[in-house]
Amino acid sequence: MDEKTYNNYITAGRILKETREETKKLIVPGASLLEIAEKTESIIRKKGGLVAFPTNISINDIAAHYTPNENEKTVFGEKDVIKIDMGVHVDGYIADSAYTVCFDPDKKEMVSVIEKALEKALSLATPGRPVSEISEVIESEITSFGFKPVSNLTGHKLKRYQLHTGFIIPNVRTGIKEILKENDVIAIEPFLTDGGGSIKEGRDVRIYMFEKQHAVRMNAARQVLSAAKEQFSGLPFALRWIKNPKGILLNRAIRELVSVGSIYEYNILKEIMGGTVTQAEHTVIVKDKPLITTR
Ligand code: CO
(Lines give C-alpha, C1' and ligand atoms only; values in the text may rest on other atoms or scores of the structure.)
Protein backbone atom coordinates (compact mmCIF):
# COMPACT_ATOMS: atom_id res chain seq x y z
CA MET A 1 0.00 0.00 0.00
CA ASP A 2 1.52 3.34 -1.01
CA GLU A 3 1.66 6.28 1.36
CA LYS A 4 -1.10 8.25 -0.34
CA THR A 5 -3.54 5.33 -0.22
CA TYR A 6 -2.67 4.69 3.40
CA ASN A 7 -3.15 8.35 4.34
CA ASN A 8 -6.53 8.48 2.59
CA TYR A 9 -7.76 5.42 4.51
CA ILE A 10 -6.54 6.96 7.78
CA THR A 11 -8.15 10.34 7.02
CA ALA A 12 -11.48 8.73 6.05
CA GLY A 13 -11.40 6.75 9.30
CA ARG A 14 -10.63 9.81 11.41
CA ILE A 15 -13.47 11.82 9.81
CA LEU A 16 -15.86 8.96 10.47
CA LYS A 17 -14.77 8.66 14.09
CA GLU A 18 -15.16 12.39 14.73
CA THR A 19 -18.55 12.44 12.98
CA ARG A 20 -19.72 9.49 15.06
CA GLU A 21 -18.67 11.26 18.27
CA GLU A 22 -20.53 14.44 17.29
CA THR A 23 -23.74 12.69 16.26
CA LYS A 24 -23.98 9.85 18.79
CA LYS A 25 -25.31 12.12 21.53
CA LEU A 26 -28.15 13.24 19.24
CA ILE A 27 -29.59 9.71 19.12
CA VAL A 28 -32.33 10.07 21.75
CA PRO A 29 -36.03 9.09 21.89
CA GLY A 30 -38.07 11.56 19.83
CA ALA A 31 -35.16 12.60 17.57
CA SER A 32 -35.88 12.59 13.86
CA LEU A 33 -34.18 10.02 11.63
CA LEU A 34 -33.98 12.48 8.77
CA GLU A 35 -32.26 15.10 10.91
CA ILE A 36 -29.72 12.57 12.19
CA ALA A 37 -28.95 11.30 8.68
CA GLU A 38 -28.58 14.77 7.20
CA LYS A 39 -26.52 16.03 10.11
CA THR A 40 -24.18 13.03 9.82
CA GLU A 41 -23.73 13.53 6.10
CA SER A 42 -23.17 17.29 6.38
CA ILE A 43 -20.55 16.88 9.14
CA ILE A 44 -18.67 14.37 6.97
CA ARG A 45 -18.57 16.87 4.10
CA LYS A 46 -17.62 19.77 6.37
CA LYS A 47 -14.64 17.78 7.58
CA GLY A 48 -13.45 17.29 4.01
CA GLY A 49 -14.72 13.77 3.46
CA LEU A 50 -17.30 12.45 1.03
CA VAL A 51 -20.25 10.32 2.04
CA ALA A 52 -19.59 6.73 0.92
CA PHE A 53 -23.22 5.63 1.33
CA PRO A 54 -26.45 7.02 2.81
CA THR A 55 -26.46 6.88 6.60
CA ASN A 56 -28.27 3.65 7.49
CA ILE A 57 -30.57 4.06 10.51
CA SER A 58 -32.15 0.67 11.06
CA ILE A 59 -34.50 0.16 13.99
CA ASN A 60 -35.38 -3.01 15.98
CA ASP A 61 -36.02 -5.91 13.55
CA ILE A 62 -34.69 -3.96 10.58
CA ALA A 63 -31.07 -5.04 10.31
CA ALA A 64 -29.81 -2.75 7.54
CA HIS A 65 -30.45 -0.63 4.44
CA TYR A 66 -32.98 1.76 5.94
CA THR A 67 -32.30 5.43 5.36
CA PRO A 68 -34.94 8.14 5.81
CA ASN A 69 -36.62 9.57 2.74
CA GLU A 70 -36.90 13.26 2.06
CA ASN A 71 -39.69 14.77 4.24
CA GLU A 72 -39.82 11.64 6.40
CA LYS A 73 -41.22 12.37 9.87
CA THR A 74 -40.21 9.14 11.67
CA VAL A 75 -38.74 9.66 15.13
CA PHE A 76 -37.08 7.24 17.55
CA GLY A 77 -39.40 5.47 20.00
CA GLU A 78 -38.85 5.12 23.75
CA LYS A 79 -37.61 1.51 23.54
CA ASP A 80 -35.97 1.41 20.13
CA VAL A 81 -32.78 -0.49 19.32
CA ILE A 82 -31.03 1.53 16.63
CA LYS A 83 -28.19 0.59 14.30
CA ILE A 84 -26.30 3.53 12.80
CA ASP A 85 -24.06 2.50 9.90
CA MET A 86 -22.07 5.26 8.23
CA GLY A 87 -19.48 5.56 5.48
CA VAL A 88 -16.85 8.12 4.54
CA HIS A 89 -14.49 8.15 1.61
CA VAL A 90 -11.50 10.23 0.67
CA ASP A 91 -10.65 9.92 -3.01
CA GLY A 92 -12.51 6.59 -3.06
CA TYR A 93 -10.79 5.09 0.00
CA ILE A 94 -13.57 4.06 2.32
CA ALA A 95 -14.15 3.94 6.07
CA ASP A 96 -17.22 1.94 7.12
CA SER A 97 -18.38 1.68 10.72
CA ALA A 98 -21.54 0.99 12.69
CA TYR A 99 -22.76 0.95 16.27
CA THR A 100 -25.97 0.23 18.14
CA VAL A 101 -27.86 2.51 20.52
CA CYS A 102 -30.34 0.74 22.80
CA PHE A 103 -33.13 2.53 24.68
CA ASP A 104 -34.58 -0.73 26.02
CA PRO A 105 -32.94 -1.66 29.35
CA ASP A 106 -33.87 -5.31 28.81
CA LYS A 107 -31.87 -5.48 25.58
CA LYS A 108 -28.63 -3.75 26.61
CA GLU A 109 -26.81 -7.08 26.75
CA MET A 110 -27.36 -7.46 23.00
CA VAL A 111 -25.19 -4.39 22.55
CA SER A 112 -22.36 -5.36 24.90
CA VAL A 113 -22.18 -8.84 23.37
CA ILE A 114 -21.98 -7.59 19.79
CA GLU A 115 -19.26 -5.12 20.80
CA LYS A 116 -17.29 -7.91 22.48
CA ALA A 117 -17.67 -10.13 19.40
CA LEU A 118 -16.36 -7.32 17.17
CA GLU A 119 -13.45 -6.65 19.54
CA LYS A 120 -12.33 -10.27 19.45
CA ALA A 121 -12.70 -10.44 15.67
CA LEU A 122 -10.67 -7.25 15.12
CA SER A 123 -7.74 -8.62 17.09
CA LEU A 124 -7.55 -11.48 14.56
CA ALA A 125 -7.14 -9.22 11.50
CA THR A 126 -3.52 -10.26 11.02
CA PRO A 127 -1.67 -11.51 7.91
CA GLY A 128 -2.05 -15.24 7.26
CA ARG A 129 -5.27 -15.52 9.26
CA PRO A 130 -7.98 -17.73 7.74
CA VAL A 131 -11.22 -15.75 7.44
CA SER A 132 -13.00 -18.83 8.81
CA GLU A 133 -11.28 -18.29 12.19
CA ILE A 134 -12.76 -14.82 12.47
CA SER A 135 -16.21 -16.21 11.65
CA GLU A 136 -15.81 -18.93 14.27
CA VAL A 137 -14.86 -16.48 16.99
CA ILE A 138 -17.82 -14.21 16.17
CA GLU A 139 -20.26 -17.11 16.18
CA SER A 140 -19.02 -18.67 19.41
CA GLU A 141 -18.90 -15.34 21.26
CA ILE A 142 -22.51 -14.57 20.28
CA THR A 143 -23.92 -18.03 20.93
CA SER A 144 -22.14 -18.26 24.32
CA PHE A 145 -24.51 -15.53 25.51
CA GLY A 146 -27.59 -17.28 24.13
CA PHE A 147 -28.06 -15.09 21.04
CA LYS A 148 -27.84 -15.99 17.36
CA PRO A 149 -25.46 -14.49 14.81
CA VAL A 150 -27.27 -13.26 11.68
CA SER A 151 -26.06 -15.92 9.26
CA ASN A 152 -26.67 -14.11 5.97
CA LEU A 153 -25.09 -10.75 6.73
CA THR A 154 -21.32 -10.53 6.43
CA GLY A 155 -18.28 -8.35 6.73
CA HIS A 156 -16.50 -7.53 3.52
CA LYS A 157 -13.36 -6.41 1.79
CA LEU A 158 -13.03 -2.80 0.65
CA LYS A 159 -11.28 -1.40 -2.38
CA ARG A 160 -11.12 2.03 -3.93
CA TYR A 161 -14.71 3.09 -4.76
CA GLN A 162 -15.87 -0.46 -3.99
CA LEU A 163 -17.74 -0.99 -0.76
CA HIS A 164 -18.29 -4.73 -0.99
CA THR A 165 -15.73 -6.54 -3.09
CA GLY A 166 -13.54 -9.62 -3.08
CA PHE A 167 -14.19 -11.97 -0.20
CA ILE A 168 -16.81 -11.81 2.53
CA ILE A 169 -16.38 -12.36 6.27
CA PRO A 170 -19.32 -14.44 7.45
CA ASN A 171 -20.59 -14.17 11.01
CA VAL A 172 -21.04 -17.94 11.25
CA ARG A 173 -18.75 -20.90 10.53
CA THR A 174 -18.50 -21.69 6.81
CA GLY A 175 -16.10 -23.57 4.58
CA ILE A 176 -14.64 -20.32 3.23
CA LYS A 177 -10.96 -20.75 2.31
CA GLU A 178 -9.84 -17.11 2.16
CA ILE A 179 -6.66 -16.07 4.02
CA LEU A 180 -6.04 -12.45 5.10
CA LYS A 181 -3.03 -10.73 3.55
CA GLU A 182 -1.05 -7.79 4.91
CA ASN A 183 -2.71 -4.48 3.94
CA ASP A 184 -6.07 -5.99 3.01
CA VAL A 185 -8.67 -3.44 4.07
CA ILE A 186 -11.71 -5.14 5.57
CA ALA A 187 -14.88 -4.20 7.41
CA ILE A 188 -15.81 -6.66 10.13
CA GLU A 189 -19.49 -6.35 11.04
CA PRO A 190 -21.13 -8.93 13.27
CA PHE A 191 -24.91 -8.80 13.74
CA LEU A 192 -26.79 -10.72 16.41
CA THR A 193 -30.44 -11.32 17.14
CA ASP A 194 -32.86 -12.81 19.65
CA GLY A 195 -34.97 -13.93 16.67
CA GLY A 196 -34.49 -16.60 14.01
CA GLY A 197 -30.87 -15.83 13.05
CA SER A 198 -31.20 -14.62 9.48
CA ILE A 199 -32.65 -11.76 7.47
CA LYS A 200 -35.02 -11.51 4.53
CA GLU A 201 -35.56 -8.69 2.09
CA GLY A 202 -38.40 -6.31 2.87
CA ARG A 203 -40.34 -4.62 0.06
CA ASP A 204 -39.24 -1.11 0.83
CA VAL A 205 -36.18 0.32 -0.99
CA ARG A 206 -34.35 3.41 0.31
CA ILE A 207 -30.88 2.94 -1.16
CA TYR A 208 -29.78 2.48 -4.79
CA MET A 209 -26.52 2.08 -6.67
CA PHE A 210 -25.24 2.47 -10.23
CA GLU A 211 -25.00 -0.93 -11.89
CA LYS A 212 -24.52 -0.66 -15.65
CA GLN A 213 -24.80 1.93 -18.39
CA HIS A 214 -27.80 1.32 -20.68
CA ALA A 215 -29.63 3.47 -23.17
CA VAL A 216 -32.75 4.88 -21.50
CA ARG A 217 -35.72 6.65 -23.00
CA MET A 218 -36.55 9.29 -20.39
CA ASN A 219 -34.43 12.39 -20.04
CA ALA A 220 -34.99 12.26 -16.25
CA ALA A 221 -33.62 8.71 -16.19
CA ARG A 222 -30.47 9.85 -18.00
CA GLN A 223 -30.01 12.59 -15.40
CA VAL A 224 -30.36 10.15 -12.51
CA LEU A 225 -28.04 7.62 -14.15
CA SER A 226 -25.38 10.25 -14.69
CA ALA A 227 -25.66 11.38 -11.03
CA ALA A 228 -25.40 7.74 -9.88
CA LYS A 229 -22.25 7.23 -11.91
CA GLU A 230 -20.47 10.59 -11.65
CA GLN A 231 -21.75 12.51 -8.63
CA PHE A 232 -22.04 9.43 -6.38
CA SER A 233 -19.05 7.67 -8.00
CA GLY A 234 -20.90 4.38 -8.43
CA LEU A 235 -21.34 4.11 -4.65
CA PRO A 236 -24.76 3.68 -2.96
CA PHE A 237 -27.05 6.72 -2.87
CA ALA A 238 -30.42 7.87 -1.51
CA LEU A 239 -33.19 9.58 -3.49
CA ARG A 240 -33.07 12.56 -1.10
CA TRP A 241 -29.57 13.31 -2.48
CA ILE A 242 -30.95 13.93 -5.98
CA LYS A 243 -31.94 17.54 -6.54
CA ASN A 244 -33.21 17.16 -10.09
CA PRO A 245 -35.52 15.46 -11.11
CA LYS A 246 -37.79 15.27 -8.05
CA GLY A 247 -41.13 13.76 -7.06
CA ILE A 248 -43.09 11.61 -9.49
CA LEU A 249 -40.59 12.18 -12.27
CA LEU A 250 -37.76 10.91 -10.07
CA ASN A 251 -39.76 7.80 -9.16
CA ARG A 252 -40.51 7.09 -12.81
CA ALA A 253 -36.85 7.57 -13.71
CA ILE A 254 -35.79 5.13 -10.99
CA ARG A 255 -38.36 2.56 -12.16
CA GLU A 256 -37.07 2.72 -15.70
CA LEU A 257 -33.42 2.45 -14.58
CA VAL A 258 -34.16 -0.55 -12.35
CA SER A 259 -36.13 -2.28 -15.10
CA VAL A 260 -33.27 -2.03 -17.61
CA GLY A 261 -30.68 -3.10 -15.02
CA SER A 262 -28.87 0.24 -14.77
CA ILE A 263 -29.60 0.78 -11.08
CA TYR A 264 -29.39 -1.75 -8.28
CA GLU A 265 -31.94 -1.64 -5.45
CA TYR A 266 -30.99 -2.36 -1.84
CA ASN A 267 -34.17 -3.66 -0.25
CA ILE A 268 -34.40 -3.06 3.47
CA LEU A 269 -33.37 -6.16 5.42
CA LYS A 270 -35.50 -7.53 8.23
CA GLU A 271 -34.97 -10.26 10.80
CA ILE A 272 -36.82 -13.32 9.61
CA MET A 273 -38.83 -13.82 12.83
CA GLY A 274 -39.10 -10.17 13.76
CA GLY A 275 -36.33 -10.43 16.37
CA THR A 276 -34.33 -7.44 17.49
CA VAL A 277 -30.96 -7.02 15.75
CA THR A 278 -27.78 -5.36 17.03
CA GLN A 279 -24.65 -4.58 14.99
CA ALA A 280 -21.11 -3.33 15.51
CA GLU A 281 -18.57 -2.59 12.78
CA HIS A 282 -15.10 -1.18 12.22
CA THR A 283 -12.81 -0.93 9.23
CA VAL A 284 -9.38 -2.44 9.77
CA ILE A 285 -6.15 -2.66 7.78
CA VAL A 286 -4.69 -6.14 8.15
CA LYS A 287 -1.31 -5.95 9.89
CA ASP A 288 0.61 -7.82 12.61
CA LYS A 289 -0.88 -5.19 14.85
CA PRO A 290 -4.31 -4.64 13.17
CA LEU A 291 -4.88 -0.98 12.34
CA ILE A 292 -8.46 0.03 13.05
CA THR A 293 -9.07 3.15 10.96
CA THR A 294 -12.49 4.06 12.34
CA ARG A 295 -11.55 4.34 16.01
CO1 CO B 1 -19.88 -2.56 6.04
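Given the structure is predicted, the values throughout are model-derived calculations rather than measurements.

1. Points about the sheet that holds strand β6 (residues 154-159)
Note on sheets: strands pair through backbone hydrogen bonds, and any given pair is parallel or antiparallel.
Okay, step 1: The sheet built from 5 strands is open, its strands ordered β7-β6-β8-β14-β15 with antiparallel pairing. Strands at the two margins of the open sheet, each flanked by one partner only, are β7 (162-170) and β15 (291-292).
Okay, step 2: On top of the sheet, helix α1 (residues 3-24) reaches β6, β8 (185-188), β14 (282-285) and β15; it is set at about 155° to β14, its chief contact.

2. Brief notes about the coordination of the cobalt ion
Okay, step 1: All of the protein donors around the cobalt ion are D96 (OD), H156 (NE2), E189 (OE) and E281 (OE); their distances to the metal are 2.0 to 2.4 Å.
Okay, step 2: The coordination sphere of the cobalt ion comprises 4 donor atoms, whose angles at the metal cover 82 to 174°; the geometry is irregular.
Okay, step 3: Sequence spacing among the residues donating to the cobalt ion works out to D-x59-H-x32-E-x91-E. Of the two residues, D96 sits in strand β4 (residues 93-102) while E281 sits in the loop between β13 (277-279) and β14, which places them 185 residues apart along the sequence.

3. Some details on helix α4 (residues 131-144)
Okay, step 1: In this model α4 runs 20 Å from its N-terminal to its C-terminal C-alpha over 14 residues, within 8% of the 20 Å that 1.5 Å per residue would give.
Okay, step 2: By the burial criterion, the buried members of α4 are V131, S132, I134, S135, I138, E139, E141 and I142.
Okay, step 3: On its buried face, α4 is in contact with α3 (108-122), β5 (148-149), β7, β8 and β9 (191-193).
Okay, step 4: Positive phi appears at G146, one or two residues downstream of α4, with a value of about 85°.

4. Some points on the domain arrangement of the chain
Okay, step 1: By domain assignment, the chain separates into domain 1 (3-198 + 274-292) and domain 2 (202-269).
Okay, step 2: One C-alpha centre belongs to domain 1, the other to domain 2; they are set 25 Å apart.
Okay, step 3: Contacts between domain 1 and domain 2 engage 27 residues on the former and 15 residues on the latter.
Okay, step 4: Here domain 1 packs against domain 2, burying approximately 1700 Å² in sum over the two surfaces, 59% of which is carbon and sulfur.
Okay, step 5: In terms of surface lost to domain 2, no three residues of domain 1 exceed P54, H65 and E70, which account for 34% of the buried area on that side.
Okay, step 6: Put simply, domain 1 and domain 2 have 3 salt bridges between them.
Okay, step 7: When the shortest N-O distance is used, the salt bridge between R240 and E41 registers 2.7 Å.
Okay, step 8: On the surface where domain 1 and domain 2 come into contact, there are 11 residue pairs in polar contact (both at pLDDT 80 or more).

5. Topic: the pairing of β6
Okay, step 1: With 5 bridges connecting them, β6 and β7 associate as antiparallel partners. Opposite G155, over in β7, you have I169 as the bridge partner.
Okay, step 2: Sheet analysis places β6 next to β8, joined by 2 bridges and oriented antiparallel. Along β8, the bridge assignment pairs K157 with I186.

6. What to know about the packing of aromatic side chains
Okay, step 1: In the structure shown here, the tally under the stated rule is 6 aromatic pairs.
Okay, step 2: For the ring pair Y264 and Y266, a centre distance of 4.9 Å and an interplane angle of 85° mean the geometry is edge-to-face.
Okay, step 3: Note on Y264: relative accessible area 35%, which makes it partly exposed.
Okay, step 4: Positioned above the aromatic ring of Y99 is the side chain of K24, whose terminal nitrogen or guanidinium carbon lies 4.6 Å from the ring centre.
Okay, step 5: Positioned over the ring face of W241 is R45, at 5.9 Å from the centre of the ring.

7. Concerning the environment of S140
Okay, step 1: In this structure, S140 sits in helix α4.
Okay, step 2: Between the alpha carbons of S140 and N171 there is a distance of 9.7 Å; along the sequence they are 31 residues apart.

The rules behind each value
- Note that residues are indexed from 1 along each chain, following the sequence as it is written.
- Totals for whole chains, interfaces and linings use every residue, but because this is a predicted model, local features are given only for residues with pLDDT of at least 70 and side-chain atom pairs only at 80 or more, for both listing and counting.
- Side-chain calculation: all heavy atoms of the structure are included, whereas hydrogens and water are not.
- For two strands to pair, DSSP has to find at least two bridges joining them.
- Numbering of helices and strands runs from the N terminus; a helix is a DSSP stretch of H or I covering at least four residues, while a strand is a stretch of E covering at least two.
- Contacts were defined at the residue level, with two residues in contact if any of their heavy atoms lie within 4.5 Å.
- Angles run from 0 to 180 degrees between N-to-C directions of axes, and those axes are lines fitted to C-alpha atoms, restricted for helices to the stretch in contact.
- Sites may look incomplete because water is not among the atoms; the donors themselves are N, O and S atoms within 2.8 Å of the metal, or within 3.2 Å for Na, K and Ca.
- Angle rules define the geometry names used: all angles between 85 and 135 degrees makes four donors tetrahedral, while opposite donors over 155 degrees apart and all other angles between 65 and 115 make four donors square planar and six octahedral, leaving every other case irregular.
- A helix is expected to span 1.5 Å multiplied by its residue count minus one.
- Burial here depends on accessible area, computed with a 1.4 Å probe over protein chains only, as a share of the maximum for the residue type. Under 20% is buried, over 50% is exposed, and the range in between is partly exposed.
- The split into domains, and so the bounds of each, comes from an automatic or database assignment of domains.
- Throughout, the accessible surface (probe 1.4 Å) given up by two parts as they are put together, summed over both, is called the buried area.
- The working definition used for a salt bridge is a side-chain nitrogen of Lys or Arg within 4 Å of a carboxyl oxygen of Asp or Glu.
- Here a polar contact means two N or O atoms within 3.5 Å. Within protein one must be a hydrogen donor candidate and the other an acceptor candidate, and residues neighboring in sequence count only if both atoms are side-chain atoms.
- A pair of aromatic rings is counted whenever rings of Phe, Tyr or Trp (Trp by its six-membered ring) have centres within 6.5 Å, and the orientation is called stacked for planes under 30 degrees apart, edge-to-face for over 60 and tilted otherwise.
- In our convention, an over-ring charge means Lys NZ or Arg CZ found within 6 Å of a ring centre and within 35 degrees of that ring's normal.

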